[in-house]
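# Structural overview for review
Chain by chain, the residues:
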Amino acid sequence: MFSLIPVLSVGLCGTKLGCGEGGCGACTVMISKYDPFQKKILHHTANACLFPICALHHVAVTTVEGIGNTKSRLHPAQERIAKSHGSQCGFCTPGIVMSMYTLLRNKPKPKMEDIEDAFQGNLCRCTGYRPILEGYRTFAVVSGFRQCLKHSGRTMMPSSLFDSSKFQPLDPTQEPIFPPELMEQKQVCFKGERVMWIQPTTLQELVALKSQYPNAKLVVGNTEVGIEMRLKNMLYPVILAPAWIPEMNAVQHTETGVTFGAACTLSSVEEVLRKAVAELPSYKTEIFQAALEQLRWFAGPQIRNVAVSDSGVLGTGTESLMLAHSPLISPCSTEGKRTVTMDEKFFTGYRKTIVKPEEVLLSVEIPYSKEGEYFSAFKQAYRREDDIAIVTCGMRVLFQHGTSRVQEVKLSYGGMAPTTILALKTCQELTGRDWNEKLLQDACRLLAGEMDLSPSAPGGMVEFRRTLTLSFFFKFYLTVLQKLSKHQNGPVSVAREGSWGKSELYIITLLLLLSFYSSVDASEAQSVPGFVCFVSAKDVPGSNITGIANDETVFAEDVVTCVGHIIGAVIADTQEHSRRAAKAVKIKYEELKPIVTIQEAIEKQSFIKPIKRIKKGDVKKGFEESDHVLEGEMYIGGQEHFYLETHCTLAVPKGEDGEMELFVSTQNLMKTQEFTARALGVPSNRIVVRVKRMGGGFGGKETRNTILTTVVAVAAFKIGRPVRCMLDRDEDMLISGGRHPFLGRYKVGFMKNGKVKSLEVSYYSNGGNSADLSHGVTLLHLDNSYNIPNVSSMGFVCKTNLSSNTAFRGFGGPQGMMIAECWMSDLARKCGLPPEEVRKINLYHEGDLTHFNQKLEGFTLRRCWDECLSSSNYHARKKLIEEFNKQNRWKKRGMCIIPTKFGISFTVPFLNQAGALVHVYTDGSVLLTHGGTEMGQGLHTKMIQVASRSLGIPTSKIYISETSTNTVPNTSPTAASVSADINGMAVHNACQTILKRLEPIKQSNPKGSWEDWIKTAYENCISLSATGFYRIPDVGYNFETNEGKPFHYFSYGVACSEVEIDCLTGDHKNVRTDVVMDVGTSLNPAIDIGQIEGAFVQGIGLFTMEELRYSPEGNLYTRGPGMYKIPAFGDIPTEFYVSLLRDCPNSKAIYSSKAVGEPPLFLSASVFYAIKDAIYSAREDSGVTEPFRLDSPATPERIRNACVDTFTKMCPSAEPGTFKPWSVRV
Ligand SMILES: Cc1cc2nc3c(=O)[nH]c(=O)nc-3n(C[C@H](O)[C@H](O)[C@H](O)COP(=O)(O)OP(=O)(O)OC[C@H]3O[C@@H](n4cnc5c(N)ncnc54)[C@H](O)[C@@H]3O)c2cc1C
Ligand code: FES
Ligand code: FES
């Protein structure tokens, strides 16, 4: 309704919608406008999903289509990302291209730092970012790199993966010009169905309008109001846009500071402050420097380019910085202008200030600092870049002239109460005191008392937030101490989709968990314009029962078993109307008591049967023979797939015999076809499922897409017209489940030299409200890469009232291996031996039997291990780290080397089959189809390579159009890393059939061309179409007898990572990672390296960053990129070396290759255990040396809390059971 994106979707499909809340950058466009104040044309990026459509008046918008295309000519920004393999699923690519293009428009010769900064607001879930930066680095002028991406001169040099000398040069003179007719500005007013937008041009007009509509919202960037309207269901009938008012865009340098008009954007403020810092004496710009540091971490450029500078005044995040320096604020109304100081009386409640409803804010003055005055601001968030703070603070101290005696001090904190607060009592006590150790101790004691939080406080993380208030003060104390000493002693070094004739559909899910619902009333929804109809279980023509284990429903009937269980759907003419109508549907229900956590499921014995077991050897005897026995527990949180393209389906009824065509973003055409046919009550032969490509899948579209597809199909069936639905990000995260959270309980027996003798382990996974694929997530990876002579293991799938969890890259393997590494690192600690030694002596050897009795053949892991140890220079760097840790108390480094062995095959034997279809046309061109789907993993490219090699023709003659159920039937899902293996063999097989038929023709005309042979074959009535089929031989495993082969072969790899942690805040930096991976004889090194890097970075998210947070009732809080943080550009290791093991052909897969999609993900555990290593060092400084529990992910909260010290001791945890927590560990 309000944003630019729906307008673009009419014909311009390049701009993508990934989240709708400004958090992913997929919708980035370039905005160009004439600035009458600076008298020049400005270009900046913006998020189309939040950019108000009315604000486009007199503005030019450039989308990715506007800069180049494959038909005419690609722009260099498009060409370079493609040729450097910086695009996998491609969903993020248009946004990234537009960020780069806009940077080049403003700065044709950028520095590498500019390029990195330009991408702060863009996310990619596939590539791991390195190839994007590598490709765009070719635009950079040589300069100091902040993110220095180096590559090994070993097996694979990415620069050898593309030839930059063949890139088209950038020619800035060829860019489109700004249309001159857009330069004029006069008041405009737009009236929509529910909202009126007025854009005045003078201050007088604005204040008069504000007095006429005191409840009107002022909107500049819409990054707050847009989110409120979109996600919080708020409606603001009158909107005033002050962007054209001269006084509100003015910047004035006064005697006391710089005054910014209230409509100045954050980017423009940044520019002015940066100039002032460069030109003015340093003592005058203490506040400016702190503000700049904060702005660097404030959202991404797309937000900063449009959001206003006064937001901090109005209660959106930077208030703590403002409150600490008491800026002058100027509200203005028809009565005139007044000036107030921002102090402790300024905020009157949550997002309420003393600015009156009829007033608008005219300007804010940021003051100069004085001599003897010091200022710092701190922010701690989940992710360093583009993340809202957990706690922020602004701290200011003024000393009596020439002394270290405090004259004035202000400490203000955000994130510790509903409004930003000043630590008034502490400040009072500190005034008049000397800045010394005693002051520090007293300040911490006072702050611990004053900055208290209830254990049930919204947002959770109570001890962490309290500890941060002390840590920040300590950092401020040290900074000021250094500055004082410098002052006194001289310098000190301080360390979407096409336009279809369609209806839109919107899903209703019940936002209360586990309930009986007695009635659904859609009568009010009918009055919403464009309403077509409401669909529910009553409308399902076939069976409402669905799911892999037939334990799910298309629509909930009577009982809702999780938040996100679909009750019904509204069909309307547009997405906006359907969304409004869905919100008007009334549901009566009665709440029931849910089971949410693994703990609750264990207590209530709520498991989805069967319980899996694997036993080998004599565990009891093993423990008796062990020198030590250790017991422990580890929890690994779940993970959201966060494919950039959410679930979507277009269902087109064909009007005959129940036929329907479905365009679906799915990895599993067969189950999509089968479940739809069952829901519609028609045979599978009436349903055609087609997949061109997906914007990422990662396992999330292996089965869970069917919960949407069946609903859309039923809706299309009911109205007899096409229906399309693409889930909003929040719905997708709520409804479709993710990676299973795991709890592992272990008992491990081992010898003094670290050799493991015996292991007893129980794995509990949170399966959610249905079985789905949860039983595939088993015990087969509990050994990681270690030979354990005696094993007893049990795997429980907990049945809970969460959305069903499902496959996710690695499929339970990473969680299983993570627990192995947990006991491995603890036992090394217990033995007092270096962890790498203990890991090595436990590694398997060639010919060993695993705990599931499979013989290891072609075991290259030890080679990977030795190469990684040597290429990472492990031992020398370890010494340097020890030295660093001795010299630093509050920063610690850690390093860890981790192996992985990953079994390749579906563990359900019959899924290890694939089909292919090859058509050769009379011009010699080949249309290839196979059973696998393309989701960015490069499968189609690899299959074209296989066909090209098999047929002996160039890849340019071969084309794959799509995957569909009417070309290759009964396809296995594209999953389990085997798709290239099995589809490749099927393609090869089909090609061989055609070659065999051509053989006599080739013999009779050996010098002929491919085209000649095909022409002759056609004229001789030889079939030029063939199917191919392949099944993996001899796989199949019996859990009861622990016999058989679950896997066809194994992929191996080793990674070594180094990190640095900030013990005071829990932040960590990924300093360096070296990966050595065995991918056999790579079919395509560029794709394989991309897969390794992408998987590794996704693993960094899993183990260090991504945390799903649920209420005790099972309501998911983290429903978008605002609260759920996936790795961004800045989170990849500063040095990232990936190499492929040489000379390791794999006899068991196509052209000696190996599976690569899932195996590398676990290697990111090396980052987690490097963090743990660093924490050990911090704990040792506090005198604590015993093994400790660190659950995954290692978020700043967990890292900070584990670095026990005087500050954490001052903020103890509340006794569990004495309060209701805000969030629970599921
Ligand atoms: C992806 C994303 C990331 C973000 N990251 C951060 C972050 O890191 N840190 C942070 O602090 N915030 C963050 N935010 C919040 C948001 O960007 C800020 O609140 C932003 O500064 C708001 O500015 P705006 O112009 O877009 O606000 P708008 O939505 O246009 O308006 C914001 C509010 O201010 C009022 N208002 C605006 N101007 C005036 C005026 N002159 N007089 C009176 N009232 C006025 C409006 O009526 C409205 O209530 C983020 C938001 C998004 C979407
Ligand atoms: S869709 Fe706009 S930022 Fe994600
Ligand atoms: S290529 Fe970036 S999200 Fe897929």
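These numbers come from a predicted model, not from an experiment. (Residues numbered from 1 in each chain as written. Chains lettered and ligands numbered in written order. Predicted model: local features only at pLDDT ≥ 70, side-chain atom pairs only at ≥ 80, totals over all residues. Heavy atoms only, no water.)

### Comments concerning the overall build of the protein chain
Per the secondary structure count, the protein chain includes 32 helices and 47 strands. By the compact-globule yardstick of 33 Å for 1226 residues, the protein chain fits well, its C-alpha radius of gyration being 31 Å. Along the first, second and third principal axes, the C-alpha atoms of the protein chain reach 95 × 75 × 70 Å. The buried share of the protein chain, reckoned over its 1226 residues, is 63%. Taken as a whole, the protein chain presents about 45100 Å² of accessible surface, with 52% of it coming from carbon and sulfur. With 133 positive and 127 negative side-chain charges, the protein chain shows a spacing of 2 Å between the two charge centroids. (Helix = DSSP H or I, 4+ residues; strand = E, 2+ residues; numbered from the N terminus. Rg over C-alpha atoms; globule rule 2.2 N^0.38 Å. Buried < 20%, exposed > 50% of the residue type's maximum accessible area, 1.4 Å probe, protein only. Areas by Shrake-Rupley, 256 points an atom, 1.4 Å probe, with all protein chains shown as cover. Lys, Arg positive; Asp, Glu negative; His and termini not counted. Charge placed at Lys NZ, Arg CZ, Asp CG, Glu CD.)

### Quick notes on the sheet that holds strand β38 (residues 913-920)
Across the sheet, 4 strands lie side by side as β40-β39-β38-β42; this open sheet has mixed pairing. In this open sheet, the two strands that pair with only one neighbour each are β40 (958-960) and β42 (1025-1031). For this sheet, the mean angle separating the axes of adjacent strands, direction not counted, is 25°. Contacting β39 (926-930) and β40, helix α26 (residues 939-951) runs over the sheet at an angle of about 125° to β39. (Pairing = 2+ DSSP bridges. Axes fitted to C-alpha atoms, helices over the stretch in contact; angles between N-to-C directions. Contact = heavy atoms within 4.5 Å.)

### Things to note about the nonpolar core
Grouped together as the largest cluster of nonpolar side chains are 244 residues, with contacts concentrated most on Tyr-136, Tyr-413, Trp-435, Phe-473, Trp-823 and Leu-827. With 11 residues, helix α15 (residues 462-489) is the largest single contributor of residues to this core. By size, the runner-up hydrophobic cluster in this structure holds 48 residues, among which are Leu-4, Ala-291, Leu-295 and Val-306. (Core = buried A, V, L, I, M, F, W, Y, C linked by side-chain atoms within 4.5 Å.)

### A look at helix α16 (residues 575-583)
Counting buried residues along α16, 7 of its 9 residues qualify, which places the element largely inside the surrounding structure. Listed as buried for α16 are Glu-576, His-577, Ser-578, Arg-579, Arg-580, Ala-581 and Ala-582.

### Observations regarding the pairing of strand β17 (residues 391-399)
Counting buried residues in β17 gives 9 out of 9 residues, a clear majority hidden from the surface. By the alternation rule, side chains of β17 split into Val-391, Cys-393, Met-395, Val-397 and Phe-399 and Thr-392, Gly-394, Arg-396 and Leu-398, which are all buried. Here strand β16 (residues 373-380) runs beside β17; their pairing, made up of 8 bridges, is antiparallel. Within the sheet, the bridge partner assigned to Phe-375 lies in β17 and is Arg-396. The pairing of β17 with strand β18 (residues 406-414) spans 8 bridges and is antiparallel. In the sheet register, Phe-399 faces β18, and the bridge partner there is Val-406. Hairpin geometry of β17 and β18 is characterised by an intervening segment of 6 residues between the two adjacent antiparallel strands and by a positive phi of about 70° at Gly-402.

### Things to note about the pairing of strand β45 (residues 1049-1062)
By the criterion of burial, β45 is predominantly enclosed, with 14 of the 14 residues buried. In β45, alternate side chains face the same way, and those of Tyr-1049, Ser-1051, Gly-1053, Ala-1055, Ser-1057, Val-1059 and Ile-1061 on one face and Phe-1050, Tyr-1052, Val-1054, Cys-1056, Glu-1058, Glu-1060 and Asp-1062 on the other are all buried. Relative to β45, strand β37 (residues 891-904) is paired through 14 bridges, and the arrangement is antiparallel. Its bridge partner lying in β45, Lys-892 is registered against Ile-1061. As paired elements, β45 and strand β46 (residues 1068-1078) share 10 bridges and run antiparallel to each other. Considered in β46, the bridge of Glu-1060 is made with Lys-1069. The loop that links β45 with its antiparallel partner β46 comprises 5 residues; one of these, Gly-1066, has a positive phi angle of about 85°.

### Comments concerning the packing of helix α22 (residues 813-831) against helix α30 (residues 1165-1181)
Interaxial distance between α22 and α30 falls to 11 Å at its minimum, and their mutual angle equals 30°. As judged from the angle between their axes, α22 and α30 are roughly parallel. The element α22 and its partner α30 pack so that their crossing is right-handed. Contacts between α22 and α30 involve Met-818, Glu-821, Cys-822, Ser-825, Asp-826 and Arg-829 from the first element and Ala-1165, Phe-1168, Tyr-1169, Lys-1172, Tyr-1176 and Glu-1180 from the second. Partitioned by chemical class, the residues of the contact of α22 with α30 number 6 nonpolar, 1 polar and 5 charged. (Parallel < 35°, antiparallel > 145°, perpendicular 65-115°, else oblique. Left-handed = near helix turned anticlockwise from the far one by under 90°. Nonpolar A, V, L, I, M, F, W, Y, C, P; charged D, E, K, R; others polar.)

### Regarding the packing of aromatic side chains
Inspection of every chain in the model, using the stated rule, returns 34 aromatic pairs. With a centroid separation of 5.9 Å and 40° between ring planes, the pair formed by Tyr-136 and Phe-139 is classed as tilted. Among the aromatic residues, those joined into a cluster by ring pairs are Tyr-844, Phe-852, Phe-859, Tyr-1037, Phe-1039, Phe-1047, Phe-1050 and Tyr-1052. The positively charged end of Lys-701 is found above the aromatic ring belonging to Tyr-643, 4.4 Å away from the centroid. Lying over the aromatic face of Tyr-1169, Arg-839 brings its terminal NZ or CZ to 5.9 Å of the ring centre. (Phe/Tyr/Trp six-rings, centres within 6.5 Å; stacked < 30°, edge-to-face > 60°. Lys NZ or Arg CZ within 6 Å of the ring centre and 35° of its normal.)

### Considering the packing of helix α27 (residues 979-1004) against helix α28 (residues 1010-1019)
Relative orientation of the contacting elements α27 and α28 amounts to 110°, with a least axis distance of 10 Å. Relative to α28, α27 is oriented roughly perpendicular. Between α27 and α28 lies a crossing whose hand is right-handed. Judged by residue contacts, Leu-998, Ile-1001 and Lys-1002 of α27 engage Trp-1010, Trp-1013, Ile-1014, Thr-1016 and Ala-1017 from α28. Classifying every residue of the contact of α27 with α28 gives 6 nonpolar, 1 polar and 1 charged.

### Structural notes on α26
Taking 1.5 Å of rise per residue, the 13 residues of α26 would be expected to cover 18 Å, and the 18 Å separating its terminal C-alpha atoms lies within 8% of that figure. The buried fraction of α26 is high, at 10 of 13 residues. Here α26 has its buried residues at Leu-939, His-940, Lys-942, Met-943, Ile-944, Val-946, Ala-947, Ser-948, Ser-950 and Leu-951. (Expected span 1.5 Å × (residues − 1).)

### Considering the confidence of the model for the protein chain
Summary statistics for the protein chain give a mean pLDDT of 91 and a share of 95% for residues scoring 70 or more. This model gives residues 490-500 a pLDDT under 50, and the stretch forms 22 contacts once residues within four places in sequence are excluded. (pLDDT = per-residue confidence, 0-100.)

### Some thoughts on the pattern of salt bridges
A full pass over the atoms with the stated rule returns 64 salt bridges. Residues Asp-1181 and Arg-889 are paired through a salt bridge, measuring 4.0 Å at the closest nitrogen-oxygen approach. Taken together, the positions of Asp-1181 in helix α30 and Arg-889 in the loop between α25 (874-887) and β37 put the pair 292 residues apart, joining distant regions of the chain. On the accessibility criterion, Asp-1181 (41% relative accessible area) is partly exposed. Here the salt bridges share partners, and the residues they tie into one network are Glu-633, Arg-745, Arg-1189, Asp-1191 and Arg-1225. (Salt bridge = Lys/Arg side-chain N within 4 Å of Asp/Glu carboxyl O.)

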